Amino acid sequence: MLTKHLSFSVVGKDEERWRSKNEGALFKRWKRATSVEAKAPAAAPTPAPAQPSDLLKFLAINALELSAPASDALLKSRSSEWFQLSGHPGSLAPAGPGTVWKRRAAGDHPAHNPERDAYEALAACPHMRSAIPRYYRELEYGGENFIELQDLLHGFRDPYVMDVKMGTRTFLEEEVSNARARHDLYEKMVRLDPNAPTEAEHAARAVTKLRYMQFREHCSSSAEQGFRIEAVKVPGQPPLTDLQKVREPEKLTATIAHFLGNDERVRLAITTRLREIRSMFEKSEFFRQHEIVGSSIFIIYDNERVGAWLIDFGKTRRVPDDIKITHREPWQQGNHEEGFLYGLDRLINTIEKAKLPEAAEPDVSR
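Read on for an overview of the structure.

Reading guide: rules and limits
- Here the residue index of a chain counts from 1 through its sequence in written order.
- Residues qualify for local features only when their pLDDT is at least 70, as the model is predicted, and side-chain atom pairs are given and counted only at 80 or more; totals for whole chains, interfaces and linings, by contrast, use all residues.
- Note that the side-chain values use all heavy atoms of the structure and ignore hydrogens as well as water.
- Only Phe, Tyr and Trp rings take part, Trp by its six-membered ring, and two of them pair if their centres are within 6.5 Å. Stacked means planes under 30 degrees apart, edge-to-face means over 60, and tilted covers everything else.
- A run of DSSP states H or I qualifies as a helix once it reaches four residues; a run of E qualifies as a strand once it reaches two. Both are numbered from the N-terminal end.
- Whether a charge lies above a ring is judged from NZ of Lys or CZ of Arg, which has to be within 6 Å of the ring centre and within 35 degrees of the ring normal.
- Patches draw on residues past 30% relative accessible area with no salt bridge. Two like charges within 9 Å are joined, as are two nonpolar side chains (Val, Leu, Ile, Met, Phe, Trp, Tyr) within 5 Å.
- Where accessible areas are quoted, they stem from the Shrake-Rupley method and a 1.4 Å probe; at the residue level, only the protein chains shown are allowed to cover.
- Any Lys or Arg side-chain nitrogen located within 4 Å of an Asp or Glu carboxyl oxygen qualifies as a salt bridge.
- In this tally Asp and Glu are treated as negative and Lys and Arg as positive; neither His nor the chain ends contributes.
- To locate a charge, take atom NZ for lysine, CZ for arginine, CG for aspartate or CD for glutamate.
- When accessible area is computed with a 1.4 Å probe and restricted to protein chains, residues below 20% of their type maximum are described as buried, those above 50% as exposed, and intermediate ones as partly exposed.
- For two strands to count as paired, DSSP must find a minimum of two bridges between them.
- Where helices are involved, their axes are fitted lines through C-alpha atoms of the stretch in contact, as for all axes, and angles between N-to-C directions lie from 0 to 180°.
- By the convention used here, residues are in contact when the closest approach between their heavy atoms is within 4.5 Å.
- For this analysis, a nonpolar core means a set of buried residues of the types Ala, Val, Leu, Ile, Met, Phe, Trp, Tyr and Cys, connected via side-chain atoms within 4.5 Å.
- Residue count minus one, scaled by 1.5 Å, sets the expected span of a helix.

A short note on the packing of aromatic side chains
And then number 1: Counting across every chain of the model gives 11 aromatic pairs.
And then number 2: Here tyrosine 119 and tyrosine 135 contribute two aromatic rings whose centre-to-centre distance is 6.3 Å and whose plane-to-plane angle is 5°, an arrangement assigned as stacked. Residue tyrosine 119 is found in helix H4 (residues 114-123), and its partner tyrosine 135 is found in strand E3 (residues 135-141); the two are separated by 16 residues along the sequence.
And then number 3: Residues phenylalanine 286 and phenylalanine 287 carry aromatic rings whose centres are separated by 5.4 Å and whose planes lie at 90° to one another, so their mutual orientation is edge-to-face.
And then number 4: Taken together, the aromatic side chains of Phe281, Phe286, Phe287 and Phe340 make up a single cluster linked through ring pairs.
And then number 5: Note that arginine 346 overlies the ring of tyrosine 342, its terminal NZ or CZ placed 3.6 Å from the centroid.

Next comes the structure, spelled out in structure tokens:
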């Protein structure tokens, strides 16, 4: 029977010993795979595909068989598939039974790690600790910094997985503070949609970073719905990762229906869990004080269990003390609204009404 959400197991002594003994060997093998990929001859330029989240990359290359602890042999057999899928050295490495290491974002200041800070604060928050992957520690290895997190796929067997990017705005205000129009962003916009620039932008052959980023949000369902489906994986099929341009409500509904497979128990369990997360979010002091930009909801189920968690806090920032955010109001420069709850409201509504077309009854009248 399906449960409403996953329980979190306490790390035992055996697991601690395993991590201490094997983490170095696993990391070295992972690093070798990264180095080999980085030195491979460059392929002919091709349009960049939509990239799934790091956790979905990890899911896809592990062939949905993460009920067994990561081992040297397991990692050896999967590392090449991992980096072939992601197209660049990945940011996650298997760490031990039920954990992963996530590499620190390249652009972070050495003294500032927003994702670590967010996980540590949320892990200490009684309203939110069950809504995120279990956070273990920050560590340095081989000259790089990581955080160790619960592997959300651990213990599931042949699961269904969906990664949903939340919010009407998935870029930081500081990223678009420069009002200078740029030719490179105009060229990117034209490649995606030749009709998108205005007459003035065509004449200048340049657009601002803000204009380009808002254009990208409108290419997906983010701007209108407050969420976009990054990727979906169902058993026996390759992951769907080209979903960022799925923006029409009926297509979003159809994609989610494909994920649910018309299983009413799953639908009820997922919507119950998402409402629980929404309630925790609204009670959390942390979320009253922070904008949650570019985070995702990671949804997993198999024949026995259902789980959903908030992930990816690399762009979470504290707002000024005099700013009060609702996470539902439209964004204007300086108000720090990102539309997280606006999107979560609509995601719940979409899941509630998503249903596959019923198979037509065979015509036996002839």
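After presenting the structure, the write-up continues.
Things to note about a positive patch on the surface
And then number 1: There is a patch of like positive charges on the surface, built from Lys188, Arg191, Arg216 and Lys245.
And then number 2: A relative accessible area of 63% places arginine 191 in the exposed class.

What to know about the sheet that holds strand E8 (residues 296-301)
And then number 1: Strand order in this open sheet of 4 strands is E6-E5-E8-E9, and the pairing throughout is antiparallel. Sheet topology places strand E6 (227-233) and strand E9 (306-311) at the edges, where each strand pairs with a single neighbour. Averaged over all pairs of adjacent strands, the angle between their axes in this sheet comes to 15°, without regard to strand direction.
And then number 2: Pairing between strand E5 (residues 160-166) and E8: 6 bridges, direction antiparallel. Counted as the bridge partner of tyrosine 160 is tyrosine 301 from E8.
And then number 3: Where helix H10 (residues 264-283) meets the sheet, its contacts fall on E8 and E9, and the angle it forms with E9 comes to roughly 35°.

Points about the pairing of strand E2 (residues 99-103)
Along any regular strand, the residues point their side chains to alternate faces of the sheet.
And then number 1: The buried fraction of E2 amounts to 5 of the 5 residues, a majority that puts the element mostly inside the structure.
And then number 2: Alternating residues of E2 divide into Thr99, Trp101 and Arg103 and Val100 and Lys102, and every residue in both groups is buried.
And then number 3: Note: strand E1 (residues 92-96) against E2, 4 bridges, orientation antiparallel. Its bridge partner lying in E2, proline 94 is registered against valine 100.
And then number 4: Two elements, E2 and strand E4 (residues 144-150), share 5 bridges in a ladder whose sense is antiparallel. Bridged to tryptophan 101 within E4 is glutamate 148.

Notes on unusual backbone geometry
And then number 1: One non-glycine residue, asparagine 262, adopts positive backbone phi at about 60°.
And then number 2: With respect to the helices, strands and loops of the structure, asparagine 262 is situated in the loop between helix H9 (249-260) and H10.
And then number 3: The phi angle at histidine 327 is positive, at roughly 65°, despite the residue not being glycine.
And then number 4: Tracing the chain through its elements places histidine 327 in the loop between strand E10 (315-318) and helix H12 (340-353).
And then number 5: Relative accessible area serves as the criterion here: at 4%, histidine 327 is assigned to the buried category.

A few points about the nonpolar core
And then number 1: In terms of nonpolar packing, the biggest core is built from 58 residues, with Ile270, Leu274, Ile297, Leu310, Leu344 and Leu347 touching the most fellow members.
And then number 2: Examining the composition of this core, we find that 7 residues originate from one element, H10, more than from any other.
And then number 3: In this view, leucine 310 contacts Met128, Ala131, Ile132, Pro133, Ile277, Phe281, Phe287, Ser296, Ile297 and Phe340; residues no more than four positions away in its chain are not counted.
And then number 4: Residues Val176, Tyr186, Met189 and Phe215 belong to the second largest nonpolar core, which totals 11 residues.

Brief notes about H12
And then number 1: Taking 1.5 Å per residue, 14 residues should reach 20 Å; H12 reaches 20 Å between its end C-alpha atoms and fits that length.
And then number 2: Every buried residue of H12 is accounted for by Phe340, Leu341, Gly343, Leu344, Asp345, Leu347, Ile348, Thr350 and Ile351.

Some thoughts on the sheet that holds E2
And then number 1: Taken together, 4 strands build an open sheet; the order of strands is E1-E2-E4-E3 and the sheet is antiparallel. This sheet does not close on itself; its edge strands, each paired only once, are E1 and E3. Averaged over all pairs of adjacent strands, the angle between their axes in this sheet comes to 30°, without regard to strand direction.
And then number 2: As judged from the 6 bridges shared by E3 and E4, these two strands associate in the antiparallel manner. Paired with arginine 137 across the bridge in E4 is glutamate 148.

Describing the environment of asparagine 145
And then number 1: Within the element layout of this structure, asparagine 145 appears in strand E4.
And then number 2: For the pair formed by asparagine 145 and asparagine 113, sequence separation is 32 residues and the distance between their alpha carbons is 9.8 Å.
And then number 3: If sequence neighbours within four positions are ignored, asparagine 145 has contacts with Lys102, Arg103, Arg104, Leu139 and Glu140.

Some thoughts on the pattern of salt bridges
And then number 1: On inspection of all chains with the given rule, the structure shows 23 salt bridges.
And then number 2: Taking the shortest distance from any N to any O, the salt bridge between glutamate 217 and arginine 228 comes out at 3.4 Å. One end of the pair, glutamate 217, is in helix H7 (residues 209-219); the other, arginine 228, is in strand E6, and 11 residues separate them in sequence. You'll find glutamate 217 and arginine 228 in the same group, each marked buried.
And then number 3: Arginine 328 serves as the salt-bridge partner of aspartate 345, at 2.7 Å between the closest nitrogen and oxygen. Placement of aspartate 345 in helix H12 and of arginine 328 in the loop between E10 and H12 is noted, with a sequence separation of 17 residues between them.
And then number 4: On the accessibility criterion, aspartate 345 (16% relative accessible area) is buried.
And then number 5: By relative accessible area, which is 30% here, arginine 328 ends up partly exposed.
And then number 6: Among the charged side chains, a salt-bridge network with shared partners connects Arg278, Glu282, Arg328 and Asp345.

Honestly, it's all geometry; don't read function into it.
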